[in-house]
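Coordinates in review
As a plain string of letters, each chain reads:
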Amino acid sequence: NARDRSHVNRRTWLIIVAIVVVLTFGFGFRLYNMGRDISAENGGQTSSSGVATIGGPFNLVDQNGKARTEQDFRGDYMLIYFGYTYCPDVCPTELQAMSNAMDILPADVAKKVQPIFVSVDPERDTVAAMADYVPHFHPRMLGLTGTLEQTSAAARAYRVYYSKAFEEGEPKDSDTYLVDHSSFIYLMGPNGAYIRHFNYGETPEKIAEGIEKVVANQG
């Protein structure tokens, strides 16, 4: 009868509503978790494009003892590498690649690029140590160091991984440790924003080509 049909229709409608609510909640919860996953991958920060935020403010000191911040390089492209002076192989290789790339660049492009080496081992990389080390690479290269807090903040801003590595049985207060660290050369724009990076082992020619293309496109 009509009453039974009305009861069935009402029950069917309630079931449909319940299903929609469950699906909506489940989809929303999935989106929430996806957002958390992306945020975690990006070190807790995301940009509108979903790309990890790389770069930011830093307060360091160069090999001449002069205080430096990111604002000192506004208007220039920064070519930045994070490493340490005691590094036996990876750092010298990458810094030499940076230096050779700078020499390959046309003069009008090279003058817009500031090569920078930032220490992840400030306990040993003093200003004097940086002053002795950096000139072995490029005459325009700046070596930046600072307190442990300052260099750690800079490394975090650039999403750089690093960790002291002691040999088995080596005391933790030894000063002969190595430092495991990520190895990327970052190219930052005149406004300080991340543009691109070069992976470990990239040839100077490829680095120079990549820089020249960016400068040609952005001016």
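First things first, this report covers the structure right here in the doc. (Residues numbered from 1 in each chain as written. Predicted model: local features only at pLDDT ≥ 70, side-chain atom pairs only at ≥ 80, totals over all residues. Heavy atoms only, no water.)

With that settled, the discussion passes to the packing of aromatic side chains. On inspection of all chains with the given rule, the structure shows seven aromatic pairs. Note on Phe 58 and Phe 73: the rings are 6.4 Å apart at their centroids and 35 degrees apart in plane angle, and the pair reads as tilted. Remark: Phe 73 occurs in the loop between β2 (67-69) and β3 (77-83) and Phe 58 occurs in the loop between α1 (2-41) and β1 (59-61); sequence separation between them is 15 residues. Taking the relative accessible area as the measure of exposure, Phe 73 reaches 3% and is therefore buried. (Phe/Tyr/Trp six-rings, centres within 6.5 Å; stacked < 30°, edge-to-face > 60°. Helix = DSSP H or I, 4+ residues; strand = E, 2+ residues; numbered from the N terminus. Buried < 20%, exposed > 50% of the residue type's maximum accessible area, 1.4 Å probe, protein only.)

Before going further, it helps to spend a moment on the pairing of β3. With seven of seven residues buried, β3 lies mostly within the body of the structure. Side-chain alternation along β3 places Tyr 77, Leu 79, Tyr 81 and Gly 83 on one buried face and Met 78, Ile 80 and Phe 82 on a second face that is also buried. The pairing of β3 with strand β4 (residues 113-119) spans seven bridges and is parallel. Opposite Phe 82, over in β4, you have Val 118 as the bridge partner. With four bridges connecting them, β3 and strand β8 (residues 184-188) associate as antiparallel partners. Pairing of Tyr 81 across the sheet is with Ile 185, part of β8. (Pairing = 2+ DSSP bridges.)

Let us now look at the pattern of salt bridges. This model, assessed by the stated rule, comprises five salt bridges. As a salt-bridge pair, Arg 68 and Asp 62 come within 2.9 Å of each other at their nearest N and O atoms. A relative accessible area of 1% places Asp 62 in the buried class. Of the charged contacts, one joins Glu 209 and Lys 206 as a salt bridge, the two residues approaching to 3.9 Å between their closest N and O atoms. Taken together, the residues Glu 209 and Lys 206, both in helix α6 (residues 204-218) and three residues apart, mark about one turn of the helix. Each member of the salt-bridge network shares a partner with another, and the members are Lys 206, Glu 209 and Lys 213. (Salt bridge = Lys/Arg side-chain N within 4 Å of Asp/Glu carboxyl O.)

Look at α6: 21 Å from first C-alpha to last across 15 residues, which is about the 21 Å you get at 1.5 Å a residue. When α6 is considered as a whole, its buried residues turn out to be Pro 204, Ile 207, Ala 208, Gly 210, Ile 211, Val 214 and Val 215. On an axial view of α6, the arc spanned by its buried residues comes to 160 degrees, and they lie on one face. Facing away from the buried surface of α6 by more than 90 degrees, the exposed residues are Lys 213, Ala 216 and Asn 217. Contacts from the buried residues of α6 go to β3, α2 (90-104), α3 (107-110), β4, β8 and β9 (194-199). (Expected span 1.5 Å × (residues − 1). Arc of directions from axis to C-beta. Contact = heavy atoms within 4.5 Å.)

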